[in-house]
Each structure stands twice: as C-alpha cells, then as structure tokens.
Amino acid sequence: MSFEWVITIISENWPMFLRGAGLTLLIALIGTVLGAIIGLLAGVIRTIPVPERGAKKVFLKIINVILSIYIEFFRGTPMIVQAMVIYYGSALAFGLDMNVFVAAIIVVSINTGAYMAEIVRGGIVSIDKGQFEAAHAIGMNHVQTMWNVVLPQVIRNILPATGNQFVINIKDTSVLNVISVTELYFVTKSISGNNFRYFESFFVACMIYFVMTFIVTRILLYLEKKLDGSDNYTMIGNDTQLEGSQK
C-alpha cells in the first residue's frame, strides 16, 4: 500500500467521502429511530394479555401472527435482498417509482424494527411481574401500566441494544449500493473505479467507518452513564444523599 496514494485520494476526493459518510449517518440514524418506534409498538402489542374468548382474542391472535411473520421474515433474510425486493420489486409488481433515499430509509427501518421488536419484548418480559400486579391493584389498565411503569424501565434497559443496532446500521448501509444509494461504500467504489487504486481507496473508507462507529459508540456510552446517575453517595439515616449535595 502506498501512503502517498492514500493522501492523494483523500485530498482529491474528500468532498465525496464526506457526502457519502454524511448520507450513511443520516440513513442509519433515521432508520434506527423509526425502527425503534416500530419495534416498540410491535413489542408492546405482542405482550398484551390475550383473553380466553371473544372478538378481542381473535383480533390479537391475528395481529400476533402478522407480527410474527414480519419479524421472522426480516430477521431471516439479508438486508441486501430486502433492498432489491423493496426497490426493484415494488417497481415491477406495482409500478412504483420510488426514490432511492426513501427506499433506503424503508429498508433500514423495517429491518431494524424486526430486531427491535424482539429486544423490546424481551425487555418487557424481564420486568418483574409484581410491578404489573401492583399497577393493576391500584386501578391501572394495561396501557397505563405500560406507559407509566414498564416502558420507562424497558427503554433504559434496551438503550445499549438500540445503540448497538445504530452502529450495525452504519455498517450495513453499505449493502444499499445495490439500489444506487450514494452512501460511503458506493462513493468509494466510484472513486476506486476512477483511479484504479482499490486498496488505498477502500482503506480510506475503512478508516472513515471506524471513526464513525467509534465516535457513536463513545457518545452512547456517555449517555448511558448519564442515565445511570452518580455512583458516589452515602447513607445518612434512612435517606440516600449524593456526596456532592452535602458540600
């Protein structure tokens, strides 16, 4: 590898690398947020108690079957295939002329939602049943229990998994080049095709991916520590006080 070529490639093509990295981060961020919302809704719905009889039981059974199929399908197929089916398949089957950016957001969102649905469901199931019973005992229904008692704990517990999914999405956006999304991998492929320095070009892309994921990971770790609060406290009688509050 020639480091002179690495410097030359960066100096001549940094605006393209910057645009590609920016689009990669944008798609990953929007896709993760929308996917987390989809996963949160799906996870909550899948944990609704099913009554023993009646129309509500049938309705919930149908919804659960649909959600199970969605989750199994999108977790069991590669994102690159999903992108091809959604973008090109929708054009052939339904005549939809979909914008590639919109298609990319849809692909990442529904793929992330399938994984987040199971993460959220696991987070809800992990909450002690006594909290559900206590909430119902004071007159809360299922929606109120979820909103006021369960979900605040679940969201905190699944934050590391959500952050990890964001990092995964940053890397997995590279498969969207098959539908001509001009993210970082697509841009790097174009640059290497012009200068025929494939190793040096993709080495630059590799470093950019690493920097993005490293920074995002450190930001998420910082947020997690902030949510955890301070570990420095002392016991005074029956009250727990932060050491800093005594000064």
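Up top you'll find the structure we're talking about.
Residues numbered from 1 in each chain as written. Predicted model: local features only at pLDDT ≥ 70, side-chain atom pairs only at ≥ 80, totals over all residues. Heavy atoms only, no water.

1. As for the overall build of the protein chain
Now for step 1: On a plain count of helices and strands, the protein chain comes out with 8 helices and 2 strands.
Now for step 2: The order of helices and strands in the protein chain, counted from the N terminus, is α-α-α-α-α-α-α-α-β-β.
Now for step 3: Computed over C-alpha atoms, the radius of gyration of the protein chain comes to 23 Å, more than 25% over the 18 Å expected from 2.2 N^0.38 for 247 residues, which places it beyond the range of a compact globule.
Now for step 4: Looking at the protein chain as a whole, 35% of its 247 residues are labelled buried.
Now for step 5: Nonlocal contacts in the protein chain, meaning residues at least 24 apart in sequence, comprise 72% of its contacts between residues at least 6 apart.
Now for step 6: Surface accessibility of the protein chain: about 14,600 Å² in total, with carbon and sulfur atoms responsible for 66%.
Now for step 7: Positive and negative side-chain charges of the protein chain, numbering 17 and 16 respectively, have mean locations separated by a distance of 6 Å. (Helix = DSSP H or I, 4+ residues; strand = E, 2+ residues; numbered from the N terminus. Rg over C-alpha atoms; globule rule 2.2 N^0.38 Å. Buried < 20%, exposed > 50% of the residue type's maximum accessible area, 1.4 Å probe, protein only. Contact = heavy atoms within 4.5 Å. Areas by Shrake-Rupley, 256 points an atom, 1.4 Å probe, with all protein chains shown as cover. Lys, Arg positive; Asp, Glu negative; His and termini not counted. Charge placed at Lys NZ, Arg CZ, Asp CG, Glu CD.)

2. Notes on the side chain of Asn 111
Now for step 1: Inspection of the secondary structure puts Asn 111 in helix H4 (residues 100-126).
Now for step 2: Apart from residues no more than four positions distant in its own chain, Asn 111 is found in contact with Phe 74, Met 79 and Gln 82.

3. Here's the deal with the packing of aromatic side chains
Now for step 1: In this structure the tally under the stated criterion is 5 aromatic pairs.
Now for step 2: Ring geometry for Tyr 185 versus Phe 202: centroids 5.6 Å apart, planes at 50°, classification tilted. Taken as a pair, Tyr 185 in helix H7 (residues 184-195) and Phe 202 in helix H8 (residues 198-228) lie far apart in primary sequence, 17 residues in all.
Now for step 3: Taken together, the ring pairs in this structure connect Tyr 70, Phe 73 and Phe 74 into an aromatic cluster. (Phe/Tyr/Trp six-rings, centres within 6.5 Å; stacked < 30°, edge-to-face > 60°.)

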